[in-house]
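# Structural features, examined
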Amino acid sequence: MLAALLLLLKTDEEKEQFAQFYRQYENLMFQTARQILDSQQDCEDVVQSSCVYLIDHFDKYASYKPRQVAAYLTLWIRNRAKDLRDRKQWKTYGIMEDIADTAEGMDPGEPESPLESALEKLPERYRDALILRYYNGLSIKELAAYMTISESTARKLLQRSRDSLEKILTEEGGGNA
Amino acid sequence: MNCREELLGYSFSAEELYAVCDHYVAGMLASIEAVPLDFEPSAAHRNAIQRLIDGSLRKGKRHALYRRVAAIAAAAIILFGTVMVTNVHAREAVVRWMRLIFPDYVLYRFFGEPDDDISRYTIGWIPDGLELVDYYESPTLRVFHYQSDEEGFTISFTSIEDGVIIEIGDTEYLSQEVFVNGLKADLYIDIYDQSKNLVWVTQNGSTEIDIEGTISTDLMFQIAESINPQ
């Protein structure tokens, strides 16, 4: 059904590049989804629907370093998986659940510095915004598209994320790290 | 403003932030990859991916239709706890949807199971000079894009399904409550490019109709009022 929407893989070479990319990262995408979703079908749905976006933006991240690609994919898949899980919870309970803001199933390990410690303590949405902007190098417009928010909201989100990071650092005496 | 300039005045630099993100991401990936996947992706899934990869066509006609379908397909959920909602508004006796008004966009959130056949809605009138240039149809979503050399509009019919969210606008807008064939509707006008959205829900509360485009408000209403279920 969604195949009719895909427009950017123009040449056989591009299609093969994406196919190769998909094979390389398929497991990571499924492992990410699986940490949040219970069923294989749900995981497959998330990966398939994510591929619509990933194909459309292939030119953006194809040149990333492998770890940057993995971050870009992981955050996208994780958020789509949470969307699906949350929709099902709403359906089950008929109310808007206050979903806990945690990095479920993802333990980044021991922080190496006060700045990394502060990064870990940020709300997930703030941390994602900082990673996508300052690690993956997304522009404000790209960040807005990635997070399905408006550009002005993306700017505000980044501002709040930076301010929150600074505040945690200051409170914990790690400023000027 | 670039990344470095954005960080002026903070106690951390772009390089430091990059380095801690790199370390954080490495740890996050290691923790994900440490848990083996307990299933093999199905053949049906692999086929679907291959179809997606093979489905390249019609470059240059992505415009509003693509955005619209992609937005609904993704059914993006906004984290209500982190965004300031200025108003939440539920309408009609049979409340099957809510309108959440944010400073620069509006979300329509739908509840319940689909019980309408969206294919029964037809557009009775199209302004002269506008032609159908692209469309998308599924059991739950039909989108049609009409275009002339100078202007165009997209009309979508969305079957109301639990959890579906539709976003209107992504910049500042003016909104006005109006009526389409006696049904309450909302007209949004983007204050920057004057593009408009006319949004309403059918009488039984089962289908959302949205006309989005740069055509005049008058034309938009004429088109809206020509839509009838068969």
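First things first, this report covers the structure right here in the doc. (Residues numbered from 1 in each chain as written. Chains lettered and ligands numbered in written order. Predicted model: local features only at pLDDT ≥ 70, side-chain atom pairs only at ≥ 80, totals over all residues. Heavy atoms only, no water.)

### Let's talk about the packing of aromatic side chains
Selection rule: For Phe, Tyr and Trp, where Trp contributes only its six-membered ring, two rings pair if their centres lie within 6.5 Å, and the inter-plane angle classes them as stacked under 30 degrees, edge-to-face over 60, or tilted in between. The way it works is that DSSP assigns letters per residue, a run of H or I at least four long becomes a helix, a run of E at least two long becomes a strand, and they are numbered from the N terminus. Each residue's exposure class comes from its accessible area (1.4 Å probe, protein chains only) as a fraction of the maximum for that residue type: buried when under 20%, exposed when over 50%, partly exposed otherwise.
Evaluated as defined, the whole model comprises 17 aromatic pairs over all chains. With centroids separated by 5.2 Å and ring planes inclined at 75 degrees, the aromatic side chains of Trp 76 of chain A and Tyr 146 of chain A adopt a geometry described as edge-to-face. Here Trp 76 of chain A, found in helix α4 (residues 66–93), pairs with Tyr 146 of chain A, found in helix α7 (residues 140–146); they are 70 residues apart in sequence, far enough to count as distant. Across this residue pair, the class does not change: Trp 76 of chain A and Tyr 146 of chain A are buried. Residues Tyr 135 of chain A and Tyr 18 of chain B carry aromatic rings whose centres are separated by 5.0 Å and whose planes lie at 45 degrees to one another, so their mutual orientation is tilted. You can see Tyr 135 of chain A sitting in helix α6 (residues 124–135) and its partner Tyr 18 of chain B sitting in helix α2 (residues 14–33), one on each of two chains.

### Examining the nonpolar core
Stated formally: For the purposes of this section, nonpolar cores are sets of buried Ala, Val, Leu, Ile, Met, Phe, Trp, Tyr and Cys residues that join through side-chain atoms within 4.5 Å. Domain segmentation is taken from an automatic or database assignment of domains. Whether two residues are in contact is decided by their heavy atoms: any pair within 4.5 Å suffices.
Of all hydrophobic cores here, the largest spans 73 residues; its most connected members are Phe 18, Tyr 61, Tyr 72, Tyr 146 and Leu 165 of chain A. The biggest single contributor to this core is α4 of chain A, with 10 residues. Shared between two domains, this core takes at least three residues from each, and those domains are domain 1 (11–102) and domain 2 (108–177) of chain A. Beyond its immediate sequence surroundings of up to four residues, Leu 165 of chain A is in contact with Leu 115, Ala 118, Leu 119, Leu 122 and Leu 130 of chain A together with Phe 12 and Leu 17 of chain B. Counting residues in hydrophobic clusters, the runner-up holds 24 residues, among them Val 180, Ala 185, Leu 219 and Ile 223 of chain B.

### With respect to the pattern of salt bridges
All names here are of chain A. Our working definition: Salt bridges are defined as contacts in which a side-chain nitrogen from Lys or Arg sits within 4 Å of a carboxyl oxygen from Asp or Glu.
Under the definition given, this model contains 13 salt bridges over all chains. A salt bridge links Asp 128 to Arg 78, with the nearest nitrogen and oxygen atoms 2.1 Å apart. Remark: Arg 78 occurs in helix α4 and Asp 128 occurs in helix α6; sequence separation between them is 50 residues. With its nearest N and O atoms 2.8 Å apart, the salt bridge here joins Glu 172 to Lys 121.

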